[in-house]
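Coordinate analysis (summary)
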Amino acid sequence: MKIPIISAVLLTVAVAAHATDDCNGLKVDDAWVREPPPPGKVAAGFMRISNRTTHQIHIEAIDSDCCAHTMVHRTVREGEQTHMEHLDVLTVPAGGTTTLEPGGLHLMLMGAKAPLAAGQSVNLRFSCGEDHYAFAAAVKREP
Amino acid sequence: MHSCNLRLEVLSFTSAGGEKSVAPSPIVAWIRPALRIEALDPRRASRLGYNRLMNAPSNDRRQWGVILLLGLLAFGGGVYLATRSAPPSGTPDIPGLLWPDPPMVGAFELKDADGRPFSQAQILGKWSFLFFGFTHCPDVCPTTLATLKTVDASLRSDPVYQARGQMVFVSVDPERDDAKTLKEYIAYFNPAFKAVTGTDAGLRQLTGALGVLYAKVDTNAPDGYSIDHTASIFLLDPQGRLVALFSLPHDARQIVDGFHAINRFIESQS
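Since we're looking at a predicted model, the values are computed, not measured.

On to the overall build of chain B. Within chain B, the secondary structure is distributed over nine helices and eleven strands. Burial statistics for chain B: of 270 residues in total, 56% are counted as buried. Per element, the accessible surface of chain B, about 11500 Å² overall, is 57% carbon and sulfur.

In this section: helix H7 (residues 179-189) of chain B. All names here are of chain B. Within the sequence span of H7, burial applies to Thr181, Leu182, Tyr185, Ile186, Tyr188 and Phe189. Along the axis of H7, the buried positions cluster into a sector of 145 degrees, meaning they face one direction only. Contacts from the buried residues of H7 go to helix H5 (140-155), strand S6 (165-171) and strand S7 (194-197).

A word on empty space enclosed by the protein. Going through the model one piece at a time under the given rule, you end up with seven cavities of 30 Å³ or more. The computed volume of the largest cavity comes to approximately 90 Å³. Around the largest cavity, the lining is made up of twelve residues, and of these A:Arg141, A:Glu142, B:Ala146, B:Tyr188 and B:Phe189 lie nearest the centre. Where the lining of the largest cavity is concerned, the elements lending two or more residues are H5 and H7 of chain B. With three residues, the top contributor of residues to the lining of the largest cavity is H5(B). When the residues that make up the lining of the largest cavity are grouped by side-chain class, the tally is six nonpolar, no polar and six charged.

With that settled, consider the state of the cysteines. Residues and elements named next belong to chain A. Following the criterion strictly, the structure yields two disulfides over all chains and no others. With its sulfur 2.1 Å from that of its partner, Cys23 forms a disulfide with Cys128. As the torsion about the S-S bond is roughly 105 degrees, the Cys23-Cys128 disulfide counts as right-handed. Taken as a pair, Cys23 in the loop between helix H1 (2-21) and strand S1 (26-34) and Cys128 in strand S10 (residues 121-128) lie far apart in primary sequence, 105 residues in all.

A few words now on the packing of H5(B) against helix H9 (residues 252-269) of chain B. To characterise two packed helices, one gives the angle between the axes of the helices and the distance between these axes. All names here are of chain B. Close contact between H5 and H9 brings their axes to 9 Å; oriented N to C, the two are set at 45 degrees. Looking at the two axes, H5 sits oblique to H9. Crossing handedness for the pair H5 and H9: right-handed. From H5, Thr147, Thr150, Val151, Ser154 and Leu155 reach across to H9, where they touch Ala252, Ile255, Val256, Phe259 and His260.

This part covers the packing of aromatic side chains. Residue and element names in this part refer to chain B. Across all of its chains, the model carries 14 aromatic pairs over all chains by this definition. Ring centres of Phe169 and Tyr185 lie 5.4 Å apart, and the angle between their planes is 40 degrees; this geometry places the pair in the tilted category. Residue Phe169 is found in strand S6, and its partner Tyr185 is found in helix H7; the two are separated by 16 residues along the sequence. An identical accessibility class is assigned to Phe169 and Tyr185; each is buried. Between the NZ or CZ atom of Arg176 and the centre of the ring of Tyr225, over which it lies, the distance is 3.8 Å.

Before going further, it helps to spend a moment on the interface of chain B and chain A. Taken residue by residue, the interface counts 37 residues in chain B and 32 residues in chain A. For the pair chain B and chain A, the two sides together bury roughly 2900 Å², of which 56% comes from carbon and sulfur. For the pair chain B and chain A, the interface holds zero salt bridges. At the boundary of chain B and chain A, one finds twelve residue pairs in polar contact (both at pLDDT 80 or more).

A separate point is the nonpolar core. Judged by nonpolar contacts, the single largest core of 63 residues is most densely connected at B:Phe129, B:Leu130, B:Leu210 and B:Ile262. For this core, the leading source of residues is H9(B), giving eight residues. In this structure B:Leu130 touches B:Ile123, B:Val168, B:Val170, B:Leu206, B:Leu210, B:Ser232, B:Ile233, B:Phe234 and B:Leu236, once residues within four positions along its chain are discounted. Core analysis: the second largest hydrophobic core is formed by 30 residues, A:Val28, A:Met47, A:Cys66 and A:Leu105 among them.

The subject of this paragraph is the sheet that holds strand S10 (residues 233-236) of chain B. One key point about sheets: their strands pair by backbone hydrogen bonds, in either a parallel or an antiparallel sense. Residues and elements named next belong to chain B. What the seven strands build is an open sheet, ordered S4-S3-S7-S6-S5-S10-S11; its pairing is mixed. Here the strands that pair on one side only, and so sit at the sheet edges, are strand S4 (117-119) and strand S11 (242-246). Pairs of neighbouring strands in the sheet enclose a mean axial angle of 35 degrees, with direction left out of account. With seven bridges connecting them, strand S5 (residues 127-133) and S6 associate as parallel partners. Within S6, the position partnered with Phe129 by the bridge is Met167. Running over the sheet, H5 touches S5, S6 and S10 and is turned about 165 degrees from S5.

The rules behind these values
- Sequence order sets the numbering: in each chain, residues are counted from 1 along the sequence as written.
- As they are written, the chains are lettered A onward and the ligands numbered 1 onward, keeping that order.
- Reporting in this predicted model follows two pLDDT cut-offs: at least 70 for local features of residues, and 80 or more for side-chain atom pairs to be given and counted; totals over whole chains, interfaces and linings ignore these cut-offs and use all residues.
- The side-chain numbers reported here are obtained from all heavy atoms of the structure, hydrogens and water having been left aside.
- Elements are defined by DSSP. Helices are runs of H or I of four residues or more, strands are runs of E of two residues or more, and each kind is numbered from the N terminus.
- Throughout this description, buried means an accessible area under 20% of the type-specific maximum (1.4 Å probe, protein chains only), exposed means over 50%, and partly exposed covers the range between.
- Each accessible area is a Shrake-Rupley estimate made with a 1.4 Å probe; only the visible protein chains count as cover when residues are assessed.
- It is the directions from the helix axis to the C-beta atoms that the arc portrays.
- Should any heavy atoms of two residues lie within 4.5 Å, those residues are considered in contact.
- Put plainly, a pocket is an open set of points on a 1 Å grid over the protein atoms alone with protein on both sides within 12 Å along at least five of seven lines, a cavity is a set where a 1.4 Å probe fits but cannot get out, and a lining residue has an atom within 4 Å of a point.
- Grid points are joined across faces, edges and corners, and a volume is the space filled by probe spheres set on the points.
- Amino acids are sorted into nonpolar (Ala, Val, Leu, Ile, Met, Phe, Trp, Tyr, Cys and Pro), charged (Asp, Glu, Lys and Arg) and polar (every other residue, Gly among them).
- The criterion for a disulfide is a pair of cysteine sulfur atoms lying within 2.5 Å.
- Note on geometry: axes are lines fitted to C-alpha atoms, helical ones only across the stretch in contact, with angles between N-to-C directions running from 0 to 180 degrees.
- We call two directions roughly parallel when the angle between them is under 35 degrees, roughly antiparallel when it is over 145, roughly perpendicular when it lies between 65 and 115, and oblique otherwise.
- Each crossing gets its handedness from the near helix: less than a right angle anticlockwise from the far helix is left-handed, clockwise is right-handed.
- A pair of Phe, Tyr and Trp rings is counted when the ring centres sit within 6.5 Å of each other, with Trp represented by its six-membered ring. The angle between the planes then sorts it: under 30 degrees is stacked, over 60 is edge-to-face, the rest tilted.
- Only lysine NZ and arginine CZ atoms are considered, and such an atom sits over a ring when it is within 6 Å of the ring centre and within 35 degrees of the ring normal.
- Take the accessible area each of two parts loses on contact, using a 1.4 Å probe, and add the two losses: that sum is the buried area.
- Salt bridge criterion: a side-chain nitrogen from Lys or Arg within 4 Å of a carboxyl oxygen from Asp or Glu.
- In the analysis that follows, any N or O atom pair within 3.5 Å is treated as a polar contact, provided that within protein one partner can donate a hydrogen and the other can accept it, and provided that, for residues neighboring in sequence, both atoms belong to side chains.
- Here, the term nonpolar core denotes a set of buried Ala, Val, Leu, Ile, Met, Phe, Trp, Tyr and Cys residues that are joined through side-chain atoms within 4.5 Å.
- DSSP bridges decide pairing: two strands pair if at least two such bridges lie between them.

In structure tokens:
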């Protein structure tokens, strides 16, 4: 009886470790950063993140080559009020998609080294444990 | 944010178009000053649990007792308002319309991005779209101002808007949004838009009349704080009455159509 229990525990630990330690299976589409209006202190980034595996992927950190700080926030509406919620970890569901879009989840890019302007490209990197997933996002001006 | 939202519900009633909004009534007038203080004083707001997502929650039982008591009072008030404020038959079903008894904007003193006074005098005689936010706002404010830019472009062919329409961005972050910052910020969207702000007292005069809430909240952002705020678009008529409220998510076409319908309705009432 003990052997199946131990096996189950080990399997759970293995799956959990697998779920948090690599970015394999992540795919980012339609990534873009809104050109920030002056004073340009903060910019928001949007994208569609797909997970092609059968387990959750946890994105624990985000870096960019444009800005000192990059993090994930969610705009939350409660009645007529809005506020920002900080996410320590962005979880992409197994076989699913997490969408970052205006009015909802978004990247916060703060402390730009130089003003971000439409036509530029920002290099971004997700960290899942020790593993990374790099991609680029175009800076765009909304019409 | 628990307590503020709790009382926001109290201040709600169903508008002619089926949306919830603030109601002008003695009960609201009685509750509103308390709301304003809590919303504007970050220390007090924090103590009351306003910064729920940014700070550790308080476990003060007395606080919850007070909130519960106020909630019960609020619920009773809300039921009273909802019953009392049901729109009379004949009021058109226009989304966002606040009718009858729209709240009035009274005297207030702010400054525009050129340092000129912006007060009740700049509201009277105009159709004004007002949006409250701050320039460090990364998502809702630029999205909404981009929507208002589209609305403005669509309404340029409307003779009423062309003659008497204005778009006004009200910064609730006077600490960071000085005149120069506001001028550059609003010009990015449309140089014809107005950007205004003022002292806390001046902002309270306007936000209090319209039921707008805002509060500084600590964040892990390098610039130290963000601001929770009401993100609806307010439409004031030339008499300074809040005649419509457009809630999130904002849709430019719906706002343009709403303006035409509300304009026709208000004209028919005079």
